[in-house]
Amino acid sequence: MAEERRKFHNIQKVDIHTYKINKKKLKRFDSHLMIFNRILLDENWSGYKRSEREKALKNIKSKAEGYSRIDYALSEAAWTLHDVWLDAFKQDRISRPQESILGSDWYKDELKIKDSSKMSINLKKAAKFFGADLVGIAKLNRDWLFKNWGYSFEPINFKKTIKNVIVLGYEMEEIGLSTSPTAIAGSVTALGYSRSAFTTACLSEFIRNLGYEAYPACNDAGLSIPLAIDAGLGQLGRNGLLITPEYGPRVQLSKIFTSLPLEPDKPIDFGVEKTCRICRRCAKSCKANAISLDEEPTYSSDYKSSSQGTLKWYVDGEKCYEFWCDNGTDCSDCIVSCPYSATPVHVTSEEFWKKI
Ligand code: SF4
Ligand code: SF4
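Scope of this entry: the structure provided in the associated data block. (Residues numbered from 1 in each chain as written. Chains lettered and ligands numbered in written order. Predicted model: local features only at pLDDT ≥ 70, side-chain atom pairs only at ≥ 80, totals over all residues. Heavy atoms only, no water.)

**Here's the deal with the overall build of the protein chain**
For the protein chain, the count of helices and strands is 14 helices and eight strands. Taking 21 Å as the expected radius of gyration for a compact globule of 356 residues, we find that the protein chain reaches 20 Å, a close match to that expectation. C-alpha atoms of the protein chain, sized along the principal axes, occupy 60 × 50 × 45 Å. Out of the 356 residues belonging to the protein chain, those deemed buried represent 52%. Relative to all contacts within the protein chain whose residues are 6 or more apart in sequence, the contacts with residues 24 or more apart total 79%. Carbon and sulfur atoms provide 55% of the accessible area of the protein chain, an area that totals close to 18,300 Å². Separation of charge centres in the protein chain, based on 52 positive and 46 negative side chains, amounts to 3 Å. (Helix = DSSP H or I, 4+ residues; strand = E, 2+ residues; numbered from the N terminus. Rg over C-alpha atoms; globule rule 2.2 N^0.38 Å. Buried < 20%, exposed > 50% of the residue type's maximum accessible area, 1.4 Å probe, protein only. Contact = heavy atoms within 4.5 Å. Areas by Shrake-Rupley, 256 points an atom, 1.4 Å probe, with all protein chains shown as cover. Lys, Arg positive; Asp, Glu negative; His and termini not counted. Charge placed at Lys NZ, Arg CZ, Asp CG, Glu CD.)

**A closer look at the packing of aromatic side chains**
In the structure shown here, the tally under the stated rule is 14 aromatic pairs. Taken together, a centroid distance of 5.0 Å and an interplanar angle of 35 degrees make the contact between F158 and F257 tilted. Of the two residues, F158 is situated in the loop between β2 (134–139) and β3 (164–171) and F257 in strand β7 (residues 251–258); the sequence distance between them amounts to 99 residues. Just as F158 is buried, F257 falls in that class too. In this structure, R93 packs its charged tip against the face of Y107, placed 3.5 Å from the ring centre. (Phe/Tyr/Trp six-rings, centres within 6.5 Å; stacked < 30°, edge-to-face > 60°. Lys NZ or Arg CZ within 6 Å of the ring centre and 35° of its normal.)

**Quick word on empty space enclosed by the protein**
Scanning all chains against the criterion turns up one cavity of 30 Å³ or more. Roughly 90 Å³ of internal volume is contained in the largest cavity. Those elements giving two or more residues to the lining of the largest cavity turn out to be α10 (272–279) and α11 (281–285). The leading source of residues in the lining of the largest cavity is α10, at three residues. Taken together, the residues of the lining of the largest cavity sort by class into seven nonpolar, two polar and three charged. (1 Å grid on protein atoms, 1.4 Å probe; cavity = no way out; pocket = protein on both sides within 12 Å on 5 of 7 lines; lining within 4 Å. Points joined across faces, edges and corners; volume = space filled by probe spheres on them. Nonpolar A, V, L, I, M, F, W, Y, C, P; charged D, E, K, R; others polar.)

**Observations concerning the sheet that holds strand β4 (residues 214–217)**
Within the open sheet, the four strands sit side by side as β2-β3-β7-β4. Their pairing is antiparallel. Sheet topology places β2 and β4 at the edges, where each strand pairs with a single neighbour. Between one strand and the next, the sheet's axes are offset by a mean angle of 20 degrees, whatever the strand orientation. Across eight bridges, β3 lies against β7 in antiparallel orientation. By the bridge assignment for β7, N164 is matched with T258. Packing of helix α6 (residues 116–129) onto the sheet brings it into contact with β2 and β3, and relative to β2 it is tilted by some 140 degrees. (Pairing = 2+ DSSP bridges. Axes fitted to C-alpha atoms, helices over the stretch in contact; angles between N-to-C directions.)

**Re the layout of surface pockets**
Considering only enclosed or pocket space, the second largest pocket measures out at about 400 Å³ in volume. Taken together, 18 residues line the second largest pocket, and the ones lying closest to its centre are R6, K124, V135, G232 and E246. Here the residues of the lining of the second largest pocket sort into seven nonpolar, two polar and nine charged.

**Looking at the site of ligand 2**
The immediate surroundings of ligand 2 are formed by R238, N239, I243, C276, C279, R280, R281, C282, C338, P339 and Y340. Because more than half of its atoms lie within 2 Å of the grid, ligand 2 is assigned to the largest cavity. Elements with a contribution of two residues or more to the shell around ligand 2: α10 and α11. Looking at side-chain class alone, the shell around ligand 2 contains seven nonpolar, one polar and three charged residues. (Near = heavy atom within 4 Å. Sits in = over half its atoms within 2 Å of the grid points.)

**Points about the site of ligand 1**
The environment of ligand 1 is made up of C286, I291, C320, F323, W324, C331, D333 and C334. Top contributing element to the shell around ligand 1 by residue count: helix α12 (residues 317–327), with three residues. When grouped by side-chain class, the residues that make up the shell around ligand 1 number seven nonpolar, no polar and one charged.

**Remarks on unusual backbone geometry**
Residue P181 follows S180 across a cis peptide bond; omega there is 10 degrees. With respect to the helices and strands, the residue P181 is situated in the loop between α7 (174–177) and α8 (183–209). In this structure, K63 is a non-glycine residue whose phi angle is positive, near 55 degrees. Its location among the elements puts K63 in the loop between α3 (53–62) and α4 (69–78). Of the residues examined, K63 reaches a relative accessible area of 68% and is grouped as exposed. Positioned with a positive phi, F153 is a non-glycine residue whose angle comes to about 65 degrees. Among the secondary structure elements, F153 is positioned in the loop between β2 and β3. Residue F153 is classed as partly exposed on the basis of its relative accessible area, which comes to 25%.

Written out as structure tokens, the structure is:
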């Protein structure tokens, strides 16, 4: 199916990434400005200390379609692996309760790699084996690393040996997502996070078993979208999301920063910017009016939580998050409305639960 979708688009491999930068405005992103950190830190914002909980509990009582107890049971369960397995995105080898049958030293020397393109094929096979739907490789552009870690706010200074980034994509299931903005659609997003925890952890261990460094991250550590563009997975859309030829913006992302010698992929161009100039479906579907309807993209915006310096349509993360609070769960309207997602028109919760 993914291959058929690729064939549908006129995909050009290009030598230089498809985004445009204003170097004067570009700065490494400060994690204090991430919307989820500002909820706890920014007393001057109306979203300070707001959460989805209050409305979610009201929703459950009201038994509204897509927001019932059973719908929220699904979404909370879908977060399980991501929320429970805190070691999944650990920066060191994951500790085992018992020694491996190979002992505790066998993986420590580096495997000699003569052919990085052959290693890249092995790596991509392993990524898909562990559950990724998409995988791309780029030389690490350090402009895309955050200034500091999202939880500890410690500076991020990867060693010089960390030369590559592997970006992984996970398809988000179209039927459930089409119920957006319900708790069922929220379950699809949550499942993407749990899948990414499993796959990213296993692939990082694979790299460490070859004697190389692997630093896995979900939304933390660096800007996933430009890294994914560098790795040839897609282009940036008006909705501020990665648009892939296979699934449009219907993908969750994670990444691994590594010293493993690999062959980078080329970025791709399949005409997303041109389409976004005229389409605007995501902006029209957004109940929070958080997405720009402007014809021209810009290099900067007033939005505190956006990284500045890239030519794009800026998305107002504050309005978006406050809509999630008003809604009682997150939202995927700007994903399902995108023609690249190829989702069915609005699916009801009843239809979702019936389709086994
Ligand atoms: S997630 Fe929903 S509220 Fe946020 S930008 Fe997209 S459509 Fe708007
Ligand atoms: S909905 Fe249209 S404007 Fe928005 S990202 Fe998709 S193609 Fe671009």
